[in-house]
Amino acid sequence: MLFCELALFAWVPTVLLMFAALPPRRAVITAFIGGWLFLPVFGIDIVGLPPFSKVSASAYSVLLGVAIFDSGRLMSFRPRWFDLPIIVWCFTPLASSISNHIGDYGGVYDGLSACLSEIVLWGIPYYLGRVYFSDWDGIRELAIGVFIGGLIYMPFTWAEMRLSPQFHKWVYGFHQHSFVMTIRSGGWRPMVFMQHGIACAMWMTASAIVGVWLWTSGTLKHVLSIPTYVLAPLLVLTAAFCHSAGALVLLVAGLGTYWWVRTFQNALPLLALILFIPAYVTLRASQAWTGENLVEFAQSTFGEQRAESLEFRLQAENLLTQKALQQPWFGWGRWNRNRVYDPDTGKDLAVTDGLWVIVLGTTGWVGLTAIMLVILLPAVLYLSRCPPRWWMHPMAAPGAAFALLLPLHMIDNLWNAMLNPIYVLLIGAMMGLGAKVRTAQARQSGFPIVPRPMAPPLAV
């Protein structure tokens, strides 16, 4: 584990070197994406601070780099009404801890500690996204960074699909997750340096969707002299072969939504994806819907093994929501008090995989509402302030791709709680961009002011 610790601590001076050598905006992108892709799945306990992990190492390092090399940017932030959900989300744990103060558990100190964890994991990337990428050029540069990040990971994923997931063990000395869960349909599900194969597959799916939008809108034509029309389809193929049924479904949903927007110049499928999330949470929390038909669909489409996995998760949700609704407003706080245990044996009866049910159990409806707004509000803002008939324009396409990725990410998190700080970075970027769309249109700063602009031809 010594090399893991060295890698995490070495990331701080490495990021500072990035700020010394690169423009600040590009340094932020490189630091967050590079750290997420290659740092170990490992945490170092530090008294009074959240564990020092690949997420917090990047957050601390980038914040320090900005303070040293671009300090004026730190003061450029101007809070707006749409920043309220992230504030509520970061500070709801304080209310949860105070409302569950029993003996040595909970209370103000515990609550402030929990708030600090959320500020590091969510607040800092969001803040940096707001101050660095809340304009058209920033969104485009961030989208290109996500696309290139997927291209960088592509050979690693193909190697692990052939050889089995080994890179994390070769470099850091251990498998980051159960090796049995990488065996899929006679092949291997890659993990590379991420916490799970699902996280890796979702990263490739996100990069592929962004790549398709950049390619077909003409936003990006080449990467290192290689045409984007060659690279984007390869990335789609890679994502499809990552042996993750959920990621494959979301890839198809994302590409289908892209096709619909391009063809009909409206965003009805995107609206359906956004509305599906609160509908699912409400129906499952009230247990008005058992999810049996979803299990039947999984069985008919992906086989018995995937259907059993989904059914197991739904049964766990039933137990966890019953426990969560005993403390409906602010949840049970930390220390696993949201879990369900056998009163006789103390055995944990329900695995907590889904982000929504974890948030409902720990921070209640207040926290769950806040985090859903954090993830979904940027898509709604973009949809309301930048009409879909413009989404294939090279300036608007990167933001449109992100508006699609956010509900897809939240849908994945209905069953898998896997934080990716890149999404938080782009959430901050998209929140700030929403307020400036009309200004950009009015000034005609490269944005077409026409009644119904047509999608440009494929950039081939």
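Colleague: Residue-level account of the pattern of salt bridges, with values.
Modeller: Evaluation of the coordinates by the stated rule reveals eight salt bridges. The partner of Arg 334 in a salt bridge is Asp 110, with the nearest N and O atoms 3.0 Å apart. With a gap of 224 residues between them, Arg 334 in the loop between helix 14 (304–324) and helix 15 (355–385) and Asp 110 in helix 6 (residues 108–133) connect regions that are remote in the sequence. In this structure Arg 334 comes out as partly exposed when scored by relative accessible area, which is 30%. The exposure class of Asp 110 is buried, given its relative accessible area of 6%. The closest approach of N and O atoms between Asp 348 and Arg 339, which form a salt bridge, is 2.5 Å. On the accessibility criterion, Arg 339 (18% relative accessible area) is buried.

Colleague: I'd like a rundown of the packing of helix 12 (residues 268–285) against helix 14, residues and numbers included.
Modeller: How two helices pack is summed up by the angle between their axes together with the distance between the axes. Where helix 12 meets helix 14, the closest approach of the two axes is 10 Å, and the angle between their N-to-C directions is 70°. It follows from the interaxial angle that helix 12 and helix 14 lie roughly perpendicular. Packed against helix 12, whose contacting residues are Tyr 280, Arg 284 and Ala 285, the element helix 14 presents Leu 314, Glu 317, Asn 318 and Thr 321 at the interface. Here the residues of the contact of helix 12 with helix 14 are counted per class, giving three nonpolar, two polar and two charged.

Colleague: Any chance you could break down the confidence of the model for the protein for me, citing the residues and the numbers?
Modeller: Looking at the protein as a whole, its pLDDT mean stands at 90, while 93% of the residues score no less than 70. This stretch, residues 449–460, has a pLDDT under 50; its non-local contacts, to residues over four places away or in other chains, come to 28 contacts.

Colleague: So, the packing of aromatic side chains: which residues are in play, and what are the values?
Modeller: Per the counting criterion, the structure on display carries 26 aromatic pairs. Summarising the aromatic geometry, the rings of Phe 52 and Tyr 60 are spaced 6.1 Å apart at their centres and angled 5° between planes, so their arrangement reads as stacked. Ring centres 5.4 Å apart and planes at 85° place the aromatic pair Phe 167 and Trp 170 in the edge-to-face group. Residue Phe 167 and its partner Trp 170 are both found in helix 8 (residues 167–172); the two are separated by three residues, about one turn of the helix. The class of Phe 167 is buried, set by a relative accessible area of 17%. Here the basic side chain of Lys 54 rests over the ring of Trp 36, its NZ or CZ set 5.0 Å away from the ring centre. Its end group placed over the ring of Trp 332, Lys 323 keeps NZ or CZ at 4.9 Å from the ring centre.

Colleague: Lay out the state of the cysteines with the relevant residues and their values.
Modeller: Within the structure shown, the criterion is met by zero disulfides. Looking at the unpaired Cys 4, the closest cysteine sulfur is the one in Cys 200, lying at 18 Å. The exposure class of Cys 4 is buried, given its relative accessible area of 0%.

Colleague: Tell me what's going on with the nonpolar core, and back it up with residues and numbers.
Modeller: Counting 145 residues, the largest nonpolar core has Trp 213, Tyr 382, Trp 391 and Phe 402 as its most contacted members. Of the residues forming this core, the biggest block, 17 residues, is contributed by helix 15. When neighbours within four sequence positions are excluded, Tyr 382 is seen to be in contact with Trp 136, Trp 391, Ala 396, Gly 399, Ala 400, Ala 403, Met 430 and Leu 433.

Colleague: An account of a nonpolar patch on the surface is requested, with residue identities and associated values reported.
Modeller: A surface patch of nonpolar side chains, about 600 Å² in accessible area, is lined by Trp 158, Ile 226, Tyr 229, Val 230, Leu 234, Leu 237 and Phe 241. With respect to the secondary-structure elements, Leu 234 resides in helix 10 (residues 228–240). The partly exposed category is assigned to Leu 234, whose relative accessible area is 38%.

Colleague: How would you explain the pairing of strand 2 (residues 49–52) if you had to name every residue and give the values?
Modeller: Inspection of the sheet shows strand 1 (residues 44–46) paired to strand 2 by two bridges, in the antiparallel sense. Bridge pairing in strand 2 links Ile 44 to Phe 52. Taken together, strand 1 and the strand that follows it, strand 2, pair antiparallel across an intervening segment of two residues, in which Gly 48 is found at a positive phi of about 85°.

Colleague: Residue-level account of unusual backbone geometry, with values.
Modeller: With glycine set apart, most residues show a phi of negative sign, and most peptide bonds adopt trans. Its identity is not glycine, yet Ser 225 carries a phi of approximately 70°, on the positive side. With respect to the element layout, Ser 225 can be found in the loop between strand 5 (222–223) and strand 6 (226–227).

Colleague: Can you break down the side chain of Thr 157 residue by residue, with the values?
Modeller: Within the secondary structure layout, Thr 157 lies in helix 7 (residues 136–163). Residue classification places Thr 157 among the buried residues on the basis of a relative accessible area of 0%. Apart from residues no more than four positions distant in its own chain, Thr 157 is found in contact with Pro 190, Val 192, Cys 200, Met 204 and Thr 238.

Conventions and cut-offs
- Residues numbered from 1 in each chain as written.
- Predicted model: local features only at pLDDT ≥ 70, side-chain atom pairs only at ≥ 80, totals over all residues.
- Heavy atoms only, no water.
- Salt bridge = Lys/Arg side-chain N within 4 Å of Asp/Glu carboxyl O.
- Helix = DSSP H or I, 4+ residues; strand = E, 2+ residues; numbered from the N terminus.
- Buried < 20%, exposed > 50% of the residue type's maximum accessible area, 1.4 Å probe, protein only.
- Axes fitted to C-alpha atoms, helices over the stretch in contact; angles between N-to-C directions.
- Parallel < 35°, antiparallel > 145°, perpendicular 65-115°, else oblique.
- Contact = heavy atoms within 4.5 Å.
- Nonpolar A, V, L, I, M, F, W, Y, C, P; charged D, E, K, R; others polar.
- pLDDT = per-residue confidence, 0-100.
- Phe/Tyr/Trp six-rings, centres within 6.5 Å; stacked < 30°, edge-to-face > 60°.
- Lys NZ or Arg CZ within 6 Å of the ring centre and 35° of its normal.
- Disulfide = S-S within 2.5 Å.
- Core = buried A, V, L, I, M, F, W, Y, C linked by side-chain atoms within 4.5 Å.
- Patch = residues over 30% accessible without salt bridge, like charges linked within 9 Å, V, L, I, M, F, W, Y side chains within 5 Å.
- Areas by Shrake-Rupley, 256 points an atom, 1.4 Å probe, with all protein chains shown as cover.
- Pairing = 2+ DSSP bridges.

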